[in-house]
Amino acid sequence: MREQILSIIEKNSRIGVRELAVILGAEEIDVANELKAMEEEGIICGYHTMIDWEKTSIEKVTALIEVRITPQRGQGFDRIAERIYKYSEVNSVYLISGGYDLLVTLEGKSLKDVSGFVSDRLSTLDGVLSTATHFILKKYKDHGTILTKKYEDTREKVTP
């Protein structure tokens, strides 16, 4: 039942316990207890709302920053990753394979804010060797949700 609950709430965290129980063919109390247990065990870490910021009047810039670091003896990448994820601007930090070690995502009010963060705070950390910053120009799909509507040609068709 856990796997089914997780699959459903991953796509719709607003679903109610009653509706979830109906879908699963289970008792509400059993579903509620399972959700509570998964929260206590840290399997469910939070419930989030996905917002298409381009449809609001709020200006936001999202950046993906590749970070090359020197691992610290006995702690590997964890200590530097922890220092980075404690910054309030940072949304996520991933250990990745390839030419860089960490992938950091963050949001700022402007390109200047993001570049200031990278140059003044991130790149100056002990152990950070280099960074490469990529700005998100447009989101087409995020967390499994399509954000752009498919273009439909509304012109009248003409045949000879």
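For the protein, an unreviewed UniProt entry supplies the name Lrp/AsnC family transcriptional regulator and the organism Parablautia intestinalis.

A look at the sheet that holds strand β4 (residues 128-135)
If you walk across this open sheet you meet the four strands as β2-β3-β1-β4, and the pairing is antiparallel. Edge positions in the sheet fall to β2 (90-95) and β4, since each of these pairs with one other strand and no more. Strand-to-strand twist of the sheet, defined as the mean angle between neighbouring strand axes without regard to direction, takes the value 20°. Two elements, strand β1 (residues 61-69) and strand β3 (residues 102-108), share seven bridges in a ladder whose sense is antiparallel. If you follow I65 over to β3, its bridge partner there is V104. Across the sheet, helix α4 (residues 78-85) touches β1, β2 and β3, and the angle it forms with β2 is around 165°. Contacts between helix α5 (residues 111-122) and the sheet are confined to β1, β2, β3 and β4, with β4 contributing the most and set at about 170° to the helix.

Focus on the packing of aromatic side chains
What the rule picks out here adds up to one aromatic pair. Ring centres of Y87 and F117 lie 5.2 Å apart, and the angle between their planes is 90°; this geometry places the pair in the edge-to-face category. You can see Y87 sitting in the loop between α4 and β2 and its partner F117 sitting in helix α5, a full 30 residues away along the chain. Considered together, Y87 and F117 belong to a single accessibility category, that of buried residues. Taking the ring centre of W53 as reference, the NZ or CZ of K60 above it sits at 4.4 Å.

Topic: the side chain of S92
As for its position among the elements, S92 is in strand β2. Its relative accessible area of 17% is what places S92 among the buried residues. Side chain to side chain, S92 and T105 meet in a polar contact 2.3 Å long. If we ignore the near neighbours within four places in the chain, the residues touching S92 are L103, V104 and T105.

A look at the domain arrangement of the protein
We note that the domain assignment places domain 1 (2-40) and domain 2 (53-139) within the protein. Computed over C-alpha atoms only, the centres of domain 1 and domain 2 are separated by 34 Å.

Description of the UniProt feature "domain: Transcription regulator AsnC/Lrp ligand binding" (unreviewed entry) in the protein
Here the UniProt-annotated "domain: Transcription regulator AsnC/Lrp ligand binding" (unreviewed entry) positions come out as residues 66-138. The distance from the first to the last C-alpha atom of residues 66-138 is 19 Å, and the span holds 27% helix and 34% strand.

Examining the pattern of salt bridges
Using the criterion set out here, one finds nine salt bridges in the structure. For E41, the salt bridge identified is with R2, shortest N-O distance 2.7 Å. One end of the pair, E41, is in the loop between α3 (28-40) and β1; the other, R2, is in helix α1 (residues 2-11), and 39 residues separate them in sequence. With a relative accessible area of 48%, E41 lands in the partly exposed category. Classification of R2 as partly exposed rests on a relative accessible area of 28%. For K55, the salt bridge is made with D52, and the minimal N-O distance between the two is 3.9 Å. Within this structure, R2, E34 and E41 form a network of salt bridges that share partners.

Each value, and the rule that gives it
Residues numbered from 1 in each chain as written. Predicted model: local features only at pLDDT ≥ 70, side-chain atom pairs only at ≥ 80, totals over all residues. Heavy atoms only, no water. Pairing = 2+ DSSP bridges. Helix = DSSP H or I, 4+ residues; strand = E, 2+ residues; numbered from the N terminus. Axes fitted to C-alpha atoms, helices over the stretch in contact; angles between N-to-C directions. Contact = heavy atoms within 4.5 Å. Phe/Tyr/Trp six-rings, centres within 6.5 Å; stacked < 30°, edge-to-face > 60°. Buried < 20%, exposed > 50% of the residue type's maximum accessible area, 1.4 Å probe, protein only. Lys NZ or Arg CZ within 6 Å of the ring centre and 35° of its normal. Polar contact = N/O pair within 3.5 Å; in protein donor to acceptor, adjacent residues only side chain to side chain. Domains from an automatic or database assignment. UniProt positions renumbered as here; feature names shortened; annotations may be inferred. Salt bridge = Lys/Arg side-chain N within 4 Å of Asp/Glu carboxyl O.

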